[in-house]
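Descriptive analysis of the structure
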Amino acid sequence: MSAARAGLALPWTFEVRDSKGQPLAEAVVAVELQGQARMAPRGARAEMVQRERQFQPAVLTVQTGTAVYFPNFDTVRHHVYSFSPIKPFDIKLYSGTPAEPIVFDKPGVAALGCNIHDRMSAHIVVVDTPLFALTDATGRVQLDLPPGQHSVRLWHASLRKPLLQTRSLNVRPQDPALSSLQLVED
């Protein structure tokens, strides 16, 4: 039984800032625990919706192995694609929902586009943990973590790179439950 399931999890707040110290909304924070399953459970699914000629959400985070569906709620057809190394794919002109989802089986960041509507773009961030969230408008997010040594993975669209940054985190009950993390921009 994991510490989190045994009731030993601690609420931990992450605060993500850019290189100028400004809070970053919609930054991905994912915490990898030692011994935790890297792959999503069988049947895990998510949606990247097209509505009003844009992807919703702009950033979707999923665990490795998740099947992502791409429903189109617009009255026009879309042609969704990604050339990203973690999952290149091409869903030709369609309306409704394609029958087959795209399974994201490698961690990393996939940039999405539409061949018909150039201004449409979004990202799917694939992580090897079920412990992830996006920061709010103040750059903060809270996750329940068991005590121990963990790896924190971070990403934000402003990085313009498909790589997640990694930080070490030691969660101890006696420590303040706040980690202020700054993204390194090249």
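Rules of the game
Residues numbered from 1 in each chain as written. Predicted model: local features only at pLDDT ≥ 70, side-chain atom pairs only at ≥ 80, totals over all residues. Heavy atoms only, no water. Helix = DSSP H or I, 4+ residues; strand = E, 2+ residues; numbered from the N terminus. Rg over C-alpha atoms; globule rule 2.2 N^0.38 Å. Buried < 20%, exposed > 50% of the residue type's maximum accessible area, 1.4 Å probe, protein only. Contact = heavy atoms within 4.5 Å. Areas by Shrake-Rupley, 256 points an atom, 1.4 Å probe, with all protein chains shown as cover. Lys, Arg positive; Asp, Glu negative; His and termini not counted. Charge placed at Lys NZ, Arg CZ, Asp CG, Glu CD. Salt bridge = Lys/Arg side-chain N within 4 Å of Asp/Glu carboxyl O. Core = buried A, V, L, I, M, F, W, Y, C linked by side-chain atoms within 4.5 Å.

A closer look at the overall build of the protein
The number of helices and strands found in the protein is zero helices and 17 strands. Taking 186 residues into account, the globule formula puts the C-alpha radius of gyration at 16 Å, and the protein, at 17 Å, falls close to it. The principal-axis extent of the C-alpha atoms belonging to the protein is close to 55 × 40 × 25 Å. Here the protein, with 186 residues, has 45% of them falling under the buried criterion. Restricting the contact set of the protein to residue pairs at least 6 apart, pairs at least 24 apart contribute 64%. Carbon and sulfur atoms make up 51% of the accessible area of the protein, which totals about 9,900 Å². Side-chain charges in the protein split into 19 positive and 17 negative, and the spacing between the mean points of these groups amounts to 3 Å.

Some details on the pattern of salt bridges
Note that side chains of opposite charge can pair when their charged atoms are close. What the rule picks out here adds up to six salt bridges. One salt bridge connects E32 with R153, and the closest N-O pair in it is separated by 3.7 Å. Taken together, the residues span a long stretch of sequence, with E32 in strand β2 (residues 28-33) and R153 in strand β15 (residues 148-155) at a distance of 121 residues. Note on E32: relative accessible area 21%, which makes it partly exposed. Residue classification places R153 among the partly exposed residues on the basis of a relative accessible area of 23%. A salt bridge links D90 to K92, with the shortest nitrogen-to-oxygen separation between them at 3.0 Å.

Remarks on the nonpolar core
Ranked by size, the top nonpolar core spans 28 residues in total, and within it F14, V29, V31, V125, L145, V152 and W155 carry the most contacts. Those elements giving two or more residues to this core turn out to be β1 (10-17), β2, β12 (121-127), β14 (140-145), β15 and β16 (165-171). Ranked by residue count, the leading element in this core is β2, at five residues. Not counting chain neighbours up to four residues away, the residues in contact with V31 comprise F14, Q36, T129, L131, L143, L145, H150, S151 and V152.

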